[in-house]
Amino acid sequence: MTSAAARTASLQFDLPLRQPFDAPGVFHFLAVRALPGVEVAEMNDVGRLRYARTLRFPQGPGAFDAVATQAPDGGWGLNVRLELTSMADVEPAVARVRRLFDLDADPSVTDAALSADPTLAPLVEQTPGIRVPGAVDPHEMVIRAIVGQQISVAAARTHLTRMTTAAGSPYQSDIAGLDRLFPNPEQIAGAVPVPEDGETLDPERPLRLPRQSIRAVVNTARALADGELDVHADSDTELLRSELVAVPRIGVWTAAYIAMRVLGDPDAWLTGDVALVAGAKAVGILDAEGSKAAHHRLLAEHATMWAPWRSYASMHLWQAAIAASARNNGSSADSPSPPKT
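These lines cover the structure that appears in this document, whether it is placed above or below. (Residues numbered from 1 in each chain as written. Predicted model: local features only at pLDDT ≥ 70, side-chain atom pairs only at ≥ 80, totals over all residues. Heavy atoms only, no water.)

**Quick notes on the overall build of the protein chain**
No. 1: Across its full length, the protein chain carries 13 helices and 7 strands.
No. 2: In terms of overall size, the protein chain behaves like a compact globule, its C-alpha atoms giving a radius of gyration of 20 Å where 341 residues would be expected to give roughly 20 Å.
No. 3: Structurally, the protein chain occupies a C-alpha span of about 55 × 55 × 40 Å along its principal axes.
No. 4: In the protein chain, buried positions account for 52% of the 341 residues.
No. 5: Taking contacts inside the protein chain between residues at least 6 apart in sequence as the whole, the part at least 24 apart equals 65%.
No. 6: For the protein chain, the exposed surface amounts to about 14,700 Å²; the carbon and sulfur share of it is 52%.
No. 7: Of the charged side chains in the protein chain, 30 are positive and 40 negative; the average position of the first set lies 5 Å away from that of the second. (Helix = DSSP H or I, 4+ residues; strand = E, 2+ residues; numbered from the N terminus. Rg over C-alpha atoms; globule rule 2.2 N^0.38 Å. Buried < 20%, exposed > 50% of the residue type's maximum accessible area, 1.4 Å probe, protein only. Contact = heavy atoms within 4.5 Å. Areas by Shrake-Rupley, 256 points an atom, 1.4 Å probe, with all protein chains shown as cover. Lys, Arg positive; Asp, Glu negative; His and termini not counted. Charge placed at Lys NZ, Arg CZ, Asp CG, Glu CD.)

**Describing the nonpolar core**
No. 1: In this structure, Phe 64, Leu 78, Phe 101, Leu 299 and Trp 306 are the most contacted members of the largest nonpolar core, which totals 92 residues.
No. 2: Looking at which element gives the most residues to this core, the answer is helix α10 (residues 252-263), with 9 residues.
No. 3: Once residues lying within four places of it in the same chain are set aside, the contact partners of Trp 306 are Leu 114, Asp 117, Leu 120, Trp 269, Ile 285, Leu 299, Ala 313 and Leu 317.
No. 4: Core analysis: the second largest hydrophobic core is formed by 7 residues, Ala 52, Tyr 171, Leu 178 and Leu 181 among them. (Core = buried A, V, L, I, M, F, W, Y, C linked by side-chain atoms within 4.5 Å.)

**Points about the packing of aromatic side chains**
No. 1: Applying the stated criterion across every chain yields a total of 7 aromatic pairs.
No. 2: Over the ring of Phe 29 we find Arg 33; its NZ or CZ atom is 3.7 Å from the centre of that ring. (Phe/Tyr/Trp six-rings, centres within 6.5 Å; stacked < 30°, edge-to-face > 60°. Lys NZ or Arg CZ within 6 Å of the ring centre and 35° of its normal.)

**A closer look at empty space enclosed by the protein**
No. 1: Per the stated rule, a full pass over the model turns up 2 cavities of 30 Å³ or more.
No. 2: Considering the residues around the largest cavity, the lining is formed by 30 residues, among which Arg 33, Met 141, Arg 144, Tyr 257 and Arg 261 are closest to the centre.
No. 3: The set of elements that each furnish at least two residues to the lining of the largest cavity consists of β3 (48-57), α5 (138-147), α6 (153-167) and α10.
No. 4: When its residues are assigned to classes, the lining of the largest cavity shows 17 nonpolar, 4 polar and 9 charged. (1 Å grid on protein atoms, 1.4 Å probe; cavity = no way out; pocket = protein on both sides within 12 Å on 5 of 7 lines; lining within 4 Å. Points joined across faces, edges and corners; volume = space filled by probe spheres on them. Nonpolar A, V, L, I, M, F, W, Y, C, P; charged D, E, K, R; others polar.)

**Brief notes about the packing of α5 against α10**
No. 1: At their nearest, the axes of α5 and α10 sit 10 Å apart, and the two run at 150 degrees to each other. Between α5 and α10 lies a crossing of right-handed hand. Each of Pro 138, Met 141, Val 142 and Ala 145 in α5 lies in contact with α10, whose residues at this interface are Thr 254, Tyr 257, Ile 258, Arg 261 and Val 262.
No. 2: For the contact of α5 with α10, the residue count by class is 7 nonpolar, 1 polar and 1 charged. (Axes fitted to C-alpha atoms, helices over the stretch in contact; angles between N-to-C directions. Left-handed = near helix turned anticlockwise from the far one by under 90°.)

**Structural notes on unusual backbone geometry**
No. 1: Looking along the chain, the bond that leaves Gln 19 and enters Pro 20 is cis, with omega of -5 degrees.
No. 2: Relative to the helices and strands, Pro 20 is located in the loop between β1 (9-15) and α1 (23-31).
No. 3: Between Ala 307 and the following residue, Pro 308, the backbone shows a cis peptide bond with an omega angle of 5 degrees.
No. 4: In this model, Asp 102 sits at a positive phi of 55 degrees, which is unusual for a non-glycine residue.
No. 5: Positive phi, close to 70 degrees, is recorded for Arg 249, a residue that is not glycine.

**With respect to the environment of Pro 203**
No. 1: Tracing the backbone shows Pro 203 in the loop between α7 (185-191) and α8 (211-226).
No. 2: Sequence spacing of Pro 203 and Pro 122 is 81 residues, and the spatial spacing of their C-alpha atoms is 48 Å.

**Regarding the environment of Trp 253**
No. 1: Residue position: Trp 253 is located in helix α10.
No. 2: Judged by its relative accessible area of 6%, Trp 253 falls in the buried class.
No. 3: Trp 253 sits 104 residues away from Gln 149 along the chain, and the two C-alpha atoms are 8.6 Å apart.

**Focus on the pattern of salt bridges**
No. 1: A complete count under the given rule lists 12 salt bridges for this structure.
No. 2: Note that Arg 208 is salt-bridged to Glu 204, the shortest N-O span being 3.2 Å.
No. 3: Exposure remark for Arg 208: the relative accessible area of 28% places this residue in the partly exposed category.
No. 4: For Asp 267, the salt bridge is made with Arg 310, and the minimal N-O distance between the two is 2.9 Å. Here Arg 310 lies in helix α13 (residues 310-329) and Asp 267 lies in the loop between α10 and α11 (274-282), a separation of 43 residues in the sequence.
No. 5: Judged by relative accessible area, Arg 310 falls into the buried class, the value being 19%. (Salt bridge = Lys/Arg side-chain N within 4 Å of Asp/Glu carboxyl O.)

What follows is the structure, given as structure tokens:
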């Protein structure tokens, strides 16, 4: 266990960012996916949002606590508290936080480009400065993407929480709500048994997914641990996508999602995403009638005008899908599940 005494660095500061900044959007995105112990989020105060998490840095484990506060003029500021093993980790920690919240984006460019489409212009006006959430740990994001391929956000969170409890490392933090590290690939490969064909699935298994999905997670974890699959924030986008789709049970949707989150690819298009179609219907890009195949084809064709900012357009459509679902159900809701890949 990492003790508080083992840490030598604790500091707090404001992070510079370009306005406008859609803090509610990115914080909500992270909050609905937060794993207890690894992450904690507070969304109750309209003018104050909080997201904190543990993670591994080059010199040892640590954590950060990010708080977004709304100014009287409506703009959002971001204050971050770091909890580190070594001062040498300050620079990589700041870089990861900036990547997670997409703080280096230039909203004036993306907003202007997407507003050129009359169907997106109202969404951009309603939510200026939208961000594409990044990833603080590329290997973690690959595993999370595979686990969540065929299930809802809520179900993926349940499975990942169970796996993290079984395979992750304990962590003692001064930040309330944090007590565990997400398991690294070696820990996942060692703690998650792969069921044999014909073997009865243990109802108490650490990862309660179907047999083939468990194999995909464990085999990918082994490939990441061995370096056979090299995923990092500076990977070449097209090379990484080709390497990912070569992995069994990783399809084009998952590869694009990983490129979006890990690499910050601004132009990722998630082929076959049902939530994008739902959002497109909600804002009138697509008619309610028509086959699923036709909807995906027509939306992909329409989306070509959003290049090279299709990742940001996707965030707008996902938010539109969530808003439409909330209106229809009378309550807030996660985005619809991604397609099977």
